[in-house]
Each structure stands twice: as structure tokens, then as C-alpha cells.
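Architecture and fold: a report
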Amino acid sequence: MDKCLICGREIKVALDLKWLFSLQPFKEPVICHNCEKNFKAISDKQTCPGCGRLQDDQLPCKDCQRWSKMGEAALLGNRALYVYNEAMKSYMQRYKFNGDYQWRLIFQDKFSQFVTKSYCKNVLYVLIPVDQITYKTRGFNQVAGLLQNVKVSNLLAFKTTKAHIKQSTKTRQARMETAQPFKYCGKKRLTGQKVILIDDIYTTGRTLYHAKHVLQQNGASQVRSLTLAR
């Protein structure tokens, strides 16, 4: 019996008939049921079609209406697995900002399945990168850590190796005014290719739209996105 990564209590597992007849290998959970309940899953039936925000209807939210007014002819059609609530905020603090790599296991299976089941095979999965200074400090790309057995293409990189102000520390207005930070680092153009961007959180969409623009400028015919949280 293992202990929950979040609260430290022992995890009690009851094997049911559904699992017994599934012929699937047993995998020990890494968090308890009580902690898991704190994360709010998002249903596709109640989301903004542009960003995946949980809401009461399926109309574009004010944020996405603003992106359309700013000239985005095609929105990202982002889909997210969870709401960015207090539980998710605490998770990101521990995993992403404190660099606790073991915490990737909390969502790795579910997010990997979410990614591979969301789109057909004829797409390229592209990760939002981290800058070199952050990577050296933390030791890993938090988005890559959330994925297992998912083939990804690293086609984006930061233009500069100098330290920059992190999006998480900026106000909403400052985020929206952030200049294009990315450059294309693929070996060939993406002529006619459909691309799925993968990131941990959709907040304002600024980072993802910057990435979208770079990929479109290099031939991508369509760019959509998937995130763990919205």
C-alpha cells in the first residue's frame, strides 16, 4: 500500500469486477480519492469552443471574442482536461515552480490518454518549450513530463537565451503585450501539416497564439491546442 503524493495518507485500493475483466495490468494510484476529488474535470459539453473554458454554454467567451477582434480568423479550439482551480494551482506550484518531478505522475496517464484520443493520427504534436535558464534550474520541461508514449516534435525554441520575465508573474495586460518570444527550429517547412500544440495551462492564450503564428508562418495549415488546465 503506497502513500498519496499530495496528502501523505495511505492509499486504499479496491479492485472491482470491471478491472478484473478488462485484462489490463494493475497500476497503483499515486494520489488518494479524497485528493483526486479536489481537481475539477472539464466536460466538452460545457466549454468555450475557442479556449476550453468551463461555462454554461458553448458560445465563444469574452476572451475568445477579443482574440477574434484582434484578427485571429481561426481560434485555437483549445481543449483542457481540468479547471485551473486552487487544487490545480497548488499542484503547479509544487510540480512546475518547485520542480518536484515525481508529481508528474499525478496526471501523466490521464493527460497522455487525453492527448492521444483527442485527435487523429495525421497531426504533429508540438510542445511549448521552456527557456534554457529555466530548464537548467528546474531540470525538465514540465509539459514533456506530463506525457508518456506520445511522439512529440520540438519545433519551437526561445529566440534568446537571456532571462525573461515569466508569464506567471505578469498581470493580464502585461501578458497580452508580451512580444513574440519563439522562433522556428524545424529542419523543414510544415507545408499543409496539421499541428496540435501542447501546454500545461491556458491562461490568456498569449503564449499559445504566439506559438501558433510561428508555426503558420512556416507552413502549418491548421494549429489547435491541448492543455492540462484552463
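This text goes with the structure placed above it.
Our next topic: the overall build of the chain. Within the chain one finds 9 helices and 6 strands. Once the C-alpha set of the chain is aligned to its principal axes, its extents read approximately 50 × 40 × 35 Å. Buried positions account for 43% of the 230 residues belonging to the chain. Considering only intrachain contacts with a sequence separation of at least 6, the fraction spanning at least 24 residues in the chain is 75%. A total accessible area of about 13500 Å² is found for the chain, and carbon and sulfur atoms account for 51% of it. Looking at charge distribution, the chain has the averaged site of its 38 positive side-chain charges lying 8 Å from that of its 17 negative ones.

In this structure, Met88, Tyr91, Phe107, Phe111, Val115, Ile198 and Leu228 are the most contacted members of the largest nonpolar core, which totals 33 residues. Elements supplying a minimum of two residues to this core: strand 1 (79–82), helix 4 (86–97), helix 5 (108–118), strand 2 (124–127), strand 5 (194–201) and strand 6 (222–229). Considering each element in turn, this core owes the most residues, 4 residues, to helix 4. In this structure, leucine 228 is in contact with Ala80, Leu81, Tyr82, Met88, Tyr91, Met92, Phe107, Phe111, Leu146, Asp199 and Asp200, ignoring residues within four places of it in sequence.

This part is about the state of the cysteines. Inspection of the entire model under this criterion finds 0 disulfides. Looking at the unpaired cysteine 32, the closest cysteine sulfur is the one in cysteine 35, lying at 3.6 Å. On the basis of relative accessible area, cysteine 32 is assigned to the buried category, the value being 9%.

This part covers the packing of aromatic side chains. For the coordinates displayed, the defined rule picks out 11 aromatic pairs. A ring pair is formed by phenylalanine 39 and tyrosine 82, whose centres lie 6.3 Å apart and whose planes are at 65°; its orientation type is edge-to-face. Note that phenylalanine 39 is positioned in the loop between helix 2 (33–36) and helix 3 (62–69) and tyrosine 82 in strand 1, a separation of 43 residues in sequence. Between the aromatic rings of phenylalanine 158 and phenylalanine 182, the centroid separation amounts to 5.2 Å while the plane-to-plane angle is 65°, which identifies the pairing as edge-to-face. Within this pair, whereas phenylalanine 158 is found in strand 3 (residues 156–158), its partner phenylalanine 182 is found in strand 4 (residues 182–184), the two being separated by 24 residues in sequence. Considered together, phenylalanine 158 and phenylalanine 182 belong to a single accessibility category, that of buried residues. Ring-pair connections join several aromatic residues into one group, and the members of that group are Phe39, Tyr82, Tyr91, Tyr95, Tyr101, Trp103, Phe107 and Phe140.

Now for the pairing of strand 5. The element strand 5 is extensively covered by neighbouring structure, given that 7 of its 8 residues are classed as buried. Note that strand 2 and strand 5 share 4 bridges and pair parallel. Bridge pairing in strand 5 places leucine 127 opposite isoleucine 198. By the bridge criterion, 7 bridges tie strand 5 to strand 6 in an arrangement that is parallel.

Applying the stated criterion across every chain, the model contains 7 salt bridges. Of the charged contacts in the structure, one is a salt bridge between glutamate 72 and lysine 212, with a shortest N-O distance of 2.9 Å. Separated by 140 residues along the polypeptide, glutamate 72 in the loop between helix 3 and strand 1 and lysine 212 in helix 9 (residues 206–217) bring together distant segments of the chain. Look at glutamate 72 and you get buried, because its relative accessible area is 10%. Among the residues examined, lysine 212 registers a relative accessible area of 2% and is labelled buried. Salt bridges linked by common partners bring Arg53, Asp63, Arg66 and Arg230 together as one network.

Our next topic: unusual backbone geometry. Positioned with a positive phi, asparagine 149 is a non-glycine residue whose angle comes to about 60°. For asparagine 149, a relative accessible area of 76% gives the class exposed.

What counts, and where the lines are drawn
Residues numbered from 1 in each chain as written. Predicted model: local features only at pLDDT ≥ 70, side-chain atom pairs only at ≥ 80, totals over all residues. Heavy atoms only, no water. Helix = DSSP H or I, 4+ residues; strand = E, 2+ residues; numbered from the N terminus. Buried < 20%, exposed > 50% of the residue type's maximum accessible area, 1.4 Å probe, protein only. Contact = heavy atoms within 4.5 Å. Areas by Shrake-Rupley, 256 points an atom, 1.4 Å probe, with all protein chains shown as cover. Lys, Arg positive; Asp, Glu negative; His and termini not counted. Charge placed at Lys NZ, Arg CZ, Asp CG, Glu CD. Core = buried A, V, L, I, M, F, W, Y, C linked by side-chain atoms within 4.5 Å. Disulfide = S-S within 2.5 Å. Phe/Tyr/Trp six-rings, centres within 6.5 Å; stacked < 30°, edge-to-face > 60°. Pairing = 2+ DSSP bridges. Salt bridge = Lys/Arg side-chain N within 4 Å of Asp/Glu carboxyl O.

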